[in-house]
Amino acid sequence: LGRFTASIRAFHASIDSAGDSIPSAVLTSCAQIELELGLFDDAAEKFDRVLRREESSEDSVASYGHAAALFSMAERDLMDGKAGSAFENVQRAIESCLQSIKFGCQFKLLGDLYSLGASFPPNVFAEDEDDVTESMHHVIRRQIGFVSKGEGAFRRFLETQTFTGLGEEERLAIRSSISCDIAANVLLQAQILPSLRGSVEYDSRNNISSEVDGLYERAADTYRMAIEENPIHAASWCGFGCAVLNKDPLLAQHSFCRCLQLEQMHPDAYANLGFLYTSRFAFDASRSTMEALTQVADTPMMWINCAFMLERQTAKRLGDVESKVDEDISRAADAYRASLQVMRHPEAQLGLSLTCQIRSTEGKNIGERNRKDAFSLMKEYMGASLNKRKVASAFEGVMCMEKGLQAEPNASWRSCIVEDGDYLINKALANEENTTCLNMKSLQKIKDQMRSEAHVEEQKSTTPMPTGERLQKQILLEPNRADLWLVMAKEAIAKDGVELALESVLRASFMMTEELTSQQLHPSAIVDASMISEAISLSVWLTKLTMRDGENEKGNSEDLTPFNLQRALLMDPGNTIARKCLYYN
């Protein structure tokens, strides 16, 4: 009758009243309804309860349902950017499928699980002993091997399925659908394989283009077979267009349009057709295709394509004085943000990172926020899309060096992040394939310029701190520099000036703590964890020295000494003053 909610309530009442003695058939039926309603976690839990029992009558149904629920949970987590959790669910689903395979639908689900592996970042396939940055070749090969198991599962379905009791049309629909799945799996392998060009072990002399072309041809041939079996299977036409897109864009356009003729609510065909038009600078056609897609589904591809169009239009109008370049870049960034709200797609992360980097030259506060967003999004992209590292490492390196140059000269991490950026840029410059998409001379010039600026700042930061009268004059000129007050406190301690030392260190501690927690930026102030830790521990020690016997016991204020010392140790575990003060407190 379609009254799923009432059915769920009845099942839950029955389960609560029966407890552990509830029959497996009841648990299985309830889980199937929850799976239908999208309650994947609850369904997986009930299927798992059935599988843990010794009964065998419901094992096949429960194992398939359990795997299906975990598959849906993996897709959900992957859209939310939780690749680790999603991959764990995929592995559990595969184990559940392999427990007892009796039906063709289980082979089909197993193939879908392996094919989903193409959507994961390659680093989830790394073993514990692998260094992902140095063993990228093995990691990607392992991902391709994982995905290729799906092709075997689909072919196993065709070998074992007898199609008894089915009509000719039903048999034809099933066979064409499985053939389409096989072709899609091969196509995914072809799309992953070029990632090997960015690995350390890749040798440009051993070109993998022939292997990639072979996979694309095999995918196209399999799609042709599926179309010949069932010419009205829309997904086969869409996949065939993707397989021949690089070699024959006109045939790909025809395939996408044919797919839409057969199924007007096919979002992938709209998206692929829109990207094809955008790549050919047919913006009006692409825009009308995206408008049609908005009536079908809200997909990240729609927003990413809109951002691509804005970026290409901006590139064509760069020489036009009256063009609204900043406005177009801002709109492109908004489109990438809209895409990320739908799904944490790596390409949207990269696009938003680069557009934020372009907008980092705007006003002081806005530019700083865009610069931080660009850096964090680039880091997130590099972690989620290892296969793009070969080109994106150049942009990541520039952002790293820029972040290091903007740090305070006395920041302990400043030189490290500059060196990281220099390494990433050198890695991009060493890759010969990047010459087709990067201006190597400009990149080298940018790196050398930032390197020289970093060297000048390092020389400034190594200048010794002023002492004596020079220190007092420097404090008068820069009263917001907490590090100068800390130096004055140490000088006063050396001269037994406890009162002056306490006043100076309290001022330094207050200024650095305020700078750490304040939302306003004070460029003249320096925040460093070890300096704050030292200032806090010195303030506690000097306060104890100046405190009269029994003053704290008779006072009204609470003794915060242990709390402050623990704060100091959390900021700098190697602070010996804080450890000794806490020990003798």
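Counting of residues starts from 1 at the beginning of each chain's written sequence and follows it residue by residue. Where local features are concerned, this predicted model is filtered to residues with pLDDT of at least 70; where side-chain atom pairs are given and counted, the filter is 80 or more; whole-chain, interface and lining totals use all residues. Side-chain measures here rest on the full set of heavy atoms in the structure, leaving out hydrogens and waters.

**A short note on the overall build of the protein**
The test is simple: To qualify as a helix, a DSSP run of H or I must reach at least 4 residues; to qualify as a strand, a run of E must reach at least 2; elements of each kind are numbered from the N terminus. When accessible area is computed with a 1.4 Å probe and restricted to protein chains, residues below 20% of their type maximum are described as buried, those above 50% as exposed, and intermediate ones as partly exposed. Throughout, a contact is declared for two residues whenever any of their heavy atoms are within 4.5 Å. All accessibility values rest on the Shrake-Rupley procedure with a 1.4 Å probe; residue burial counts only the protein chains present in the view.
Within the protein one finds 27 helices and zero strands. Looking at the 585 residues of the protein, the share that counts as buried comes to 43%. Sequence-distant contacts, at least 24 apart, represent 59% of the contacts inside the protein between residues at least 6 apart. Surface accessibility of the protein: about 31100 Å² in total, with carbon and sulfur atoms responsible for 52%.

**Looking at the pattern of salt bridges**
One side chain can pair with another of opposite charge once the charged atoms of both are near each other. So the rule is basically this: Each reported salt bridge corresponds to a side-chain nitrogen of Lys or Arg within 4 Å of a carboxyl oxygen of Asp or Glu.
Under the counting rule described, the total for this entry stands at 19 salt bridges. Among the ionic pairs, Arg76 bridges to Asp77, the shortest N-O distance being 3.6 Å. According to the relative accessible area criterion, Arg76 is partly exposed, its value standing at 31%. What makes Asp77 buried here is its relative accessible area of 7%. Note that Asp284 is salt-bridged to Arg287, the shortest N-O span being 3.2 Å. Within this pair, Asp284 and its partner Arg287 are both found in helix α13 (residues 283–294), separated by three residues, close to a single helical turn. You can call Asp284 exposed: its relative accessible area is 62%.

**So, the packing of helix α10 (residues 234–243) against helix α11 (residues 249–262)**
Two numbers describe a pair of packed helices, the interaxial angle and the distance between the axes. Note the following rule: Every angle, taken between N-to-C directions, lies between 0 and 180 degrees, and every axis is a line fitted to C-alpha atoms, over only the stretch in contact when it is a helix. Orientation is classified from the angle alone, with under 35 degrees giving roughly parallel, over 145 giving roughly antiparallel, 65 to 115 giving roughly perpendicular, and any other angle giving oblique. Two helices cross in a left-handed way if the nearer one is turned anticlockwise from the farther one by less than a right angle. They cross in a right-handed way if the turn is clockwise.
At a minimum axis distance of 8 Å, the contact between α10 and α11 shows a crossing angle of 165 degrees. By the angle class used here, α10 and α11 are roughly antiparallel. The two elements α10 and α11 meet at a crossing, and its hand is left-handed. Two secondary-structure elements touch here, α10 through Ala234, Trp237, Cys238, Phe240, Gly241 and Cys242 and α11 through Leu251, Ala252, His254, Ser255, Phe256, Arg258, Cys259 and Leu262.

**Describing the nonpolar core**
We count it as follows: What makes a nonpolar core is a set of buried Ala, Val, Leu, Ile, Met, Phe, Trp, Tyr and Cys residues whose side-chain atoms join them at distances within 4.5 Å.
Val90, Ile94, Leu109, Leu113, Leu116, Phe120 and Phe146 are the most contacted members of the largest nonpolar core, which has 41 residues in total. At the level of secondary structure, the elements contributing two or more residues to this core comprise α1 (4–18), α2 (24–36), α3 (40–51), α4 (59–79), α5 (83–99), α6 (104–115) and α7 (136–160). Residue contributions to this core peak at nine residues, all from α4. Counting 40 residues, the second-largest nonpolar core is a separate cluster that includes Ile140, Cys180, Ala219 and Met290.

**Thoughts on the packing of helix α22 (residues 482–494) against helix α24 (residues 529–546)**
Basically, it comes down to this: Ten residues, namely Ala, Val, Leu, Ile, Met, Phe, Trp, Tyr, Cys and Pro, are considered nonpolar, four, namely Asp, Glu, Lys and Arg, are considered charged, and the remaining ones, Gly among them, are considered polar.
Between α22 and α24, whose axes approach to 11 Å, the crossing angle comes to 40 degrees. As judged from the angle between their axes, α22 and α24 are oblique. Crossing hand, α22 versus α24: left-handed. Along the contact surface, α22 presents Asp483, Leu486, Lys490 and Ile493, while α24 presents Met531, Glu534, Ala535, Leu538, Trp541 and Leu542. Tallied by class, residues from the contact of α22 with α24 come to seven nonpolar, no polar and three charged.

**With respect to the environment of Ser195**
Secondary-structure assignment places Ser195 in the loop between α8 (168–192) and α9 (209–229). For Ser195, a relative accessible area of 5% gives the class buried.

**Section: a nonpolar patch on the surface**
Cut-off, in case you're wondering: Within this analysis, patches are made of residues with over 30% relative accessible area and no salt bridge. Like charges are joined at 9 Å or less; nonpolar side chains (Val, Leu, Ile, Met, Phe, Trp, Tyr) at 5 Å or less.
A cluster of nonpolar side chains, namely Phe4, Leu37 and Leu39, defines an oily patch on the protein surface of about 240 Å² accessible area. Within the secondary structure, Phe4 sits in helix α1.

**A few points about α7**
Counted only if it meets this: To estimate the expected span of a helix, subtract one from its residue number and multiply by 1.5 Å.
Over its 25 residues, α7 extends 37 Å from the first C-alpha to the last, a length consistent with the 36 Å expected when each residue adds 1.5 Å. Those residues of α7 not exposed but buried are Met136, Val139, Ile140, Gln143, Ile144, Phe146, Val147, Gly150, Glu151, Ala153, Phe154 and Phe157. Against the buried residues of α7 lie α5, α6, α8 and α9.

**Observations regarding α1**
Residues lying three or four places apart along an α-helix face the same way, a consequence of the helix completing one turn every 3.6 residues. Applied cut-off: Arc definition: it is the arc formed by the directions from the helix axis to the C-beta atoms.
Here α1 spans 21 Å end to end across 15 residues, near enough to the 21 Å set by a 1.5 Å rise per residue. Within α1, the full set of buried residues consists of Ile8, Phe11 and Ile15. Buried residues of α1, viewed axially, fall in a sector of 70 degrees; they line one side. Across from the buried face of α1, at angles greater than 90 degrees, the exposed residues are Arg9, Asp16 and Ser17.

**Digging into the packing of aromatic side chains**
To keep things clear, this is the line we draw: Pairs were defined over the aromatic rings of Phe, Tyr and Trp, the Trp ring being its six-membered one, requiring ring centres within 6.5 Å. Orientation was assigned from the angle between planes: stacked under 30 degrees, edge-to-face over 60, tilted for the rest. Charge-over-ring contacts are defined here by two conditions on Lys NZ or Arg CZ: a distance within 6 Å of the ring centre and an angle within 35 degrees of the ring normal.
Applying the stated criterion across every chain, the model contains seven aromatic pairs. When the ring of Phe87 is compared with that of Phe146, the centres are 5.8 Å apart and the planes differ by 55 degrees; the resulting orientation is tilted. Of this pair, Phe87 sits in helix α5 while Phe146 sits in helix α7; the two residues are 59 residues apart in sequence, bridging distant segments of the chain. Each member of the aromatic cluster is reached from another via a ring pair, and the members are Phe87, Tyr114, Phe120, Phe125 and Phe146. The residue whose ring lies beneath Arg312 is Phe308, and the NZ or CZ to ring-centre distance is 5.2 Å. Lying across the ring of Trp485, Arg507 places its NZ or CZ 4.6 Å from the centre.

**Topic: the side chain of Asp422**
With respect to the secondary-structure elements, Asp422 resides in helix α19 (residues 414–430). Ignoring anything within four residues of it in the chain, the contact list for Asp422 reads Met401, Lys447 and Arg451.

**Section: unusual backbone geometry**
Despite not being glycine, Phe281 shows a phi value in the positive range, around 60 degrees. As for its placement among the helices and strands, Phe281 is situated in the loop between α12 (267–279) and α13. For Phe281, a relative accessible area of 46% gives the class partly exposed. Of note, Asp496 is a non-glycine position whose phi angle comes to about 65 degrees, a positive value.

**Brief notes about the confidence of the model for the protein**
Test applied: For every residue, the predictor states its confidence as a pLDDT score lying anywhere from 0 to 100.
Mean pLDDT over the protein stands at 80; residues scoring 70 or higher make up 82%. Element-level pLDDT for the protein is lowest in helix α25 (residues 551–554), with a mean of 47, against a maximum mean of 94 in α11. Note on residues 200–205: pLDDT under 50 across the span, and 13 contacts to partners over four residues away in sequence or across chains. Contacts of residues 521–525 to residues separated by more than four positions or lying in other chains number nine contacts, the stretch itself having pLDDT below 50.

**Digging into the environment of Leu39**
Tracing the backbone shows Leu39 in the loop between α2 and α3. The partly exposed category is assigned to Leu39, whose relative accessible area is 36%. It is 9.5 Å that separates the C-alpha atoms of Leu39 and Met73, two residues lying 34 residues apart in sequence.

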